[in-house]
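Remarks on the overall topology
Spelled out from the first residue to the last, the chains are:
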Amino acid sequence: MLKMYDDMQKTTNANVDAAMRSFEGATKATQGIATEIADYSKRSFDQGTKTIENLLGARSLDKVFEVHTEYAKAAYEGYVSHATKLGQLYTDLAKETFKSYHRGKRLE
């Protein structure tokens, strides 16, 4: 009876440990995603503000087109970079979640 209780206790502890590792991995990945989104938002806002200032200071129509073209190119490149980073972060989150789940299933 005592052996059975010890086995149940070990299994319960192992399952709790696996759940905690799962939450820890997901939390780190989720924090990375939130940080990337916040950083991208700040960069985009700063870039938009700078572009508005440059447009207001433009003295010719050619300069307006130049500023707008630079902004469009930088915004596109920034978005592609951001989307690539987010894709990798979401992939990492899925891998970490599955890895933790897989470890937990082996303990059963």
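The structure we're discussing is the one just above.
To keep things clear, this report deals only with the structure shown in the data block. In this text the structure is predicted, and so the values were computed from the model without any measurement.

What follows concerns the overall build of the protein. Summing up its helical and strand segments, the protein has two helices and zero strands in all. Classification of the 108 residues of the protein by burial places 14% in the buried group. The contacts of the protein with a sequence gap of at least 6 include a subset with a gap of at least 24, amounting to 79%. Total accessible area on the protein is roughly 8,500 Å²; 62% of this is exposed by carbon and sulfur atoms.

Moving on, we get to the pattern of salt bridges. Under the defined criterion, the tally for this structure stands at three salt bridges. Between Asp-46 and Lys-42 there is a salt bridge, with the nearest N and O atoms lying 2.9 Å from each other. Within this pair, Asp-46 and its partner Lys-42 are both found in helix H1 (residues 2–56), separated by four residues, close to a single helical turn. Residue Asp-46 is classed as partly exposed on the basis of its relative accessible area, which comes to 38%. In this structure Lys-42 comes out as exposed when scored by relative accessible area, which is 53%. Here Glu-66 and Lys-63 are joined by a salt bridge, their closest N and O atoms 3.6 Å apart. Pair noted here: Glu-66 and Lys-63 are both in helix H2 (residues 61–107), with a separation of three residues, about one helical turn. Lys-63 sits in the partly exposed class, given a relative accessible area of 36%.

Turning our eyes to something else, we now look at a nonpolar patch on the surface. A grouping of Tyr-76, Tyr-79 and Val-80 is seen on the molecular surface, where their side chains present a nonpolar patch of about 340 Å² in accessible area. Classification of Tyr-76 as exposed rests on a relative accessible area of 58%.

Reading guide: rules and limits
- Residues numbered from 1 in each chain as written.
- Predicted model: local features only at pLDDT ≥ 70, side-chain atom pairs only at ≥ 80, totals over all residues.
- Heavy atoms only, no water.
- Helix = DSSP H or I, 4+ residues; strand = E, 2+ residues; numbered from the N terminus.
- Buried < 20%, exposed > 50% of the residue type's maximum accessible area, 1.4 Å probe, protein only.
- Contact = heavy atoms within 4.5 Å.
- Areas by Shrake-Rupley, 256 points an atom, 1.4 Å probe, with all protein chains shown as cover.
- Salt bridge = Lys/Arg side-chain N within 4 Å of Asp/Glu carboxyl O.
- Patch = residues over 30% accessible without salt bridge, like charges linked within 9 Å, V, L, I, M, F, W, Y side chains within 5 Å.

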